[in-house]
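Coordinate inspection notes
Chain residues, written in single-letter form:
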Amino acid sequence: HPHRPTLMGVTCAAVVGKGNNPLYVRTFGVSEDEALRFHFVVHTSLDVVEERLQTRKGSPPGVGGLSDLYLGLLCPTDDYKVYGYITNTNAKLFLVTDDIDIKEADIKSFFRRFHAAFVDFVCNPFYSMDTAITSASFDREVVQLARSYQ
Amino acid sequence: DFSQGKRDMSSKGGAYAKMEKINAELLSVTYGTFVMQLLKDLPTLESVNSKLEEIGYNMGLRIVDEFFAKSGEGGCKDVEDTAEVMAKRGFKMFMGFEADIKDWAENKMAFTIFFTLNPFADFVELPEGYSTLHYSNVLCGIIRGVLKALNILVKCKFIRDVLKGDSQYEIRVDIEEILQDKYA
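Residues numbered from 1 in each chain as written. Chains lettered and ligands numbered in written order. Predicted model: local features only at pLDDT ≥ 70, side-chain atom pairs only at ≥ 80, totals over all residues. Heavy atoms only, no water.

1. Some details on helix H1 (residues 32-54) of chain A
Residue and element names in this part refer to chain A. Formally: Here a strand is any run of E in DSSP of at least two residues, a helix any run of H or I of at least four, and the numbering for each starts at the N terminus. Given a helix with a known number of residues, its expected span is that number minus one, times 1.5 Å. The buried label goes to any residue with under 20% of its type's maximum accessible area, the exposed label to any with over 50%, and the partly exposed label to all in between, with areas taken from a 1.4 Å probe on protein chains only. Two residues qualify as a contact provided that any one of their heavy atoms is within 4.5 Å of a heavy atom in the partner residue.
Compared with an ideal rise of 1.5 Å per residue, which puts 23 residues at 33 Å, H1 spans 34 Å between its outermost C-alpha atoms and is within 8% of the ideal. Burial in H1 covers these residues: Ala35, Phe38, Val41, Val42, Ser45, Leu46, Val48, Val49 and Leu53. In this fold, the buried residues of H1 make contact with strand E1 (10-16), strand E2 (22-27), strand E3 (70-76), strand E4 (81-86) and strand E5 (92-97).

Following this line, the structure appears as structure tokens:
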């Protein structure tokens, strides 16, 4: 059970570019040292994402409809569960949670809204595609989104 | 001669309804990419501001005839009337919403046009170091061009900008000269 305070079980939300480069890693309720660990967690989850995508035999994401984008549980570690989602342009979204009771419907709706926030954000002409996301307002949106799953 | 013609209040939305529509996001993304290109090509933020204004000016000169043709508006009897028609009917027709006028100078040679929506700047977040960029400066140019076509010479500048944290957009319009024969 959670022994550190987290925002309703969303411990980390991350965006990784199609080249597997991390663009945004946001942790909630963890110390700076521990935050680094989540970079690692996300990184190792990428291997699992690759495997999942292999089984789709190279067809582009989203071909099977919106539900096709949700990749499901990628890795359960001792303390956390990592869920993945891929956008139509091969950016990957991750949700790391320590909430053992989290409902799949909530995870999917989190990803839908996270995806929507990302889509709006990339329309900012000042953002260069596939670079680190430093926008304060995108960050605020993600924090607000995470809070709403209390 | 624009002195004939009546203002049809009932067709307030009529002129807008007659215009062909495109997706507003296309406008935002096109304009944004365009501003980024200018930022790459021109040496200073000030030169980008000027270029945007110049482009807007050329647009403004042209759209006046379209406005009168589609809106059914007649001539405006004075500067105050012109400003109101431009803000309410003109903005409505081309931008899809009405702007408003306030802060008239006592001698009626300056006013502020204000609005909260701005499709040019949707999705935009100005990064650090861009506080002197007037991202939507094309609008100042458009206003200057529109008024020039009506023989009113003005200078316009943004005095409030939502992209810089203000609650609405405000453009200050200073009238330099009214070419008299228009209103003889």
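2. Quick word on the sheet that holds E2 of chain A
Residues and elements named next belong to chain A. Our working definition: One requirement defines pairing of two strands: DSSP has to find at least two bridges between them. Each axis is a line fitted through C-alpha atoms, and for a helix only the stretch in contact is used; angles between axes span 0 to 180 degrees, taken between their N-to-C directions.
Across the sheet, five strands lie side by side as E2-E1-E5-E4-E3; this open sheet has antiparallel pairing. Strands with a single pairing partner mark the edges of an open sheet, and in this sheet they are E2 and E3. If you compare each strand with its neighbour and ignore which way they point, the axes differ by 15 degrees on average. Note that E3 and E4 share five bridges and pair antiparallel. Within E4, the residue paired with Gly72 across the bridge is Gly84. Against the sheet, H1 makes contact with E1, E2, E3, E4 and E5, and its axis sits at roughly 125 degrees relative to E3, the strand it touches most.

3. With respect to the pattern of salt bridges
Residues and elements named next belong to chain B. For clarity, the cut-off: Salt bridge, as applied in this entry: a Lys or Arg side-chain nitrogen positioned within 4 Å of an Asp or Glu carboxyl oxygen.
Within the structure shown, the criterion is met by 12 salt bridges over all chains. Between Glu53 and Arg144 there is a salt bridge, with the nearest N and O atoms lying 2.6 Å from each other. In this pair, Glu53 is assigned in helix H3 (residues 45-71) and Arg144 in helix H5 (residues 138-149), connecting sequence segments 91 residues apart. You can call Glu53 buried: its relative accessible area is 13%. For Arg144, a relative accessible area of 24% gives the class partly exposed. Close ionic contact of Lys155 with Glu176 constitutes a salt bridge, the shortest N to O distance being 3.3 Å. Separated by 21 residues along the polypeptide, Lys155 in strand E3 (residues 152-160) and Glu176 in strand E4 (residues 169-178) bring together distant segments of the chain.

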